[in-house]
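# Commentary on secondary and tertiary structure
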Amino acid sequence: DVDVDVAASFEPWARALLPSRDLTRATADARTSRTTSSRDDAAKVFATKAFAYVYDKGYRQMFNALGYPGREREGEIAVEVLGETHRHGRLLDVSCGPGNVTSILVDARLWDVTACDYAEAMCERCRETCGVGVDVYRADVADLPWLPETF
């Protein structure tokens, strides 16, 4: 059954999105580890407009070839899962990339969506993809600027 396979492949991602753990501790733990030079070198590649374009136009297709359900279905699953537990209010899309799933979350009109990504180039693409209706910020997932209870 395809729906069972989709749900199984989505489960780890959905669990990361759900408010099922102590975010205060996770944030404190994440802040104790500092970036390394190899991470900084890799981040430079991710920060380029060229990478943002390649990710959006090519890398996503590789995900599909590996069995991911695709942009639209991933977004639908996110809306379904989040709609069951987080019906209204504020929602943070961390590592939003070019805004593929973010735009679907915005279109659902169930949440006040904020998005962030480490790379400003991805933030720019997310703003282009989503248009108005979402605030997009450059932020490091290991050092988010919001208090845990914000979202």
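Now for a quick tour of the structure. (Residues numbered from 1 in each chain as written. Predicted model: local features only at pLDDT ≥ 70, side-chain atom pairs only at ≥ 80, totals over all residues. Heavy atoms only, no water.)

### Re the nonpolar core
What counts here: Take the buried residues of types Ala, Val, Leu, Ile, Met, Phe, Trp, Tyr and Cys, join any two whose side-chain atoms come within 4.5 Å, and each joined set is a nonpolar core. Exposure is judged per residue with a 1.4 Å probe applied to protein chains only, and the accessible area is read against the type maximum: over 50% gives exposed, under 20% gives buried, and values in between give partly exposed. Runs of H or I in DSSP of at least four residues are treated as helices and runs of E of at least two as strands, each being numbered from the N terminus.
Counting residues in each nonpolar core, the largest one holds 16 residues, and the members touching the most others are Leu-105, Trp-111, Val-113, Ala-115, Cys-126, Val-134 and Val-136. Those elements that place two or more of their residues in this core are helix H5 (71-85), helix H6 (100-108), strand S2 (112-117) and helix H7 (120-130).

### Regarding a nonpolar patch on the surface
Cut-off, in case you're wondering: Excluding any residue in a salt bridge, patches collect residues exceeding 30% relative accessible area, merging like charges within 9 Å and nonpolar Val, Leu, Ile, Met, Phe, Trp and Tyr side chains within 5 Å. Here the accessible surface of atoms and residues is derived via Shrake-Rupley with a 1.4 Å probe, and residues count as covered only by protein chains that are part of the display. We count a salt bridge whenever a side-chain nitrogen from Lys or Arg sits within 4 Å of a carboxyl oxygen from Asp or Glu.
A cluster of nonpolar residues, Tyr-59, Met-62, Leu-66 and Tyr-68, forms a patch on the protein surface that exposes about 420 Å² of accessible area. For Leu-66, the position within the fold is in the loop between helix H4 (49-65) and H5. Look at Leu-66 and you get exposed, because its relative accessible area is 63%.

### Focus: the sheet that holds strand S1 (residues 90-94)
In plain terms, the rule: At least two bridges found by DSSP between two strands are what make those strands a pair. With axes taken as lines fitted to C-alpha atoms, and helix axes fitted only over the stretch in contact, angles between N-to-C directions fall between 0 and 180 degrees. Residue contacts are counted whenever heavy atoms from the two residues lie within 4.5 Å of one another.
Read across the sheet, three strands follow the order S1-S2-S3 without closing on themselves; strand pairing throughout is parallel. Either end of the sheet is taken by a strand with one partner, and the two such strands are S1 and strand S3 (135-138). Averaged over all pairs of adjacent strands, the angle between their axes in this sheet comes to 20 degrees, without regard to strand direction. Pairing analysis gives four bridges linking S2 to S3, with the strands arranged parallel. Across the sheet, residue Cys-116 finds its bridge partner in S3, namely Tyr-137. Along the sheet, H7 contacts S2 and S3; its crossing angle with S3, the most-contacted strand, is approximately 170 degrees.

### With respect to the pattern of salt bridges
On inspection of all chains with the given rule, the structure shows five salt bridges. The salt bridge involving Arg-71 is made with Glu-72; its shortest N-O contact spans 3.6 Å. On the basis of relative accessible area, Arg-71 is assigned to the partly exposed category, the value being 27%. According to the relative accessible area criterion, Glu-72 is partly exposed, its value standing at 48%. For Arg-127, the salt bridge identified is with Glu-120, shortest N-O distance 2.9 Å.

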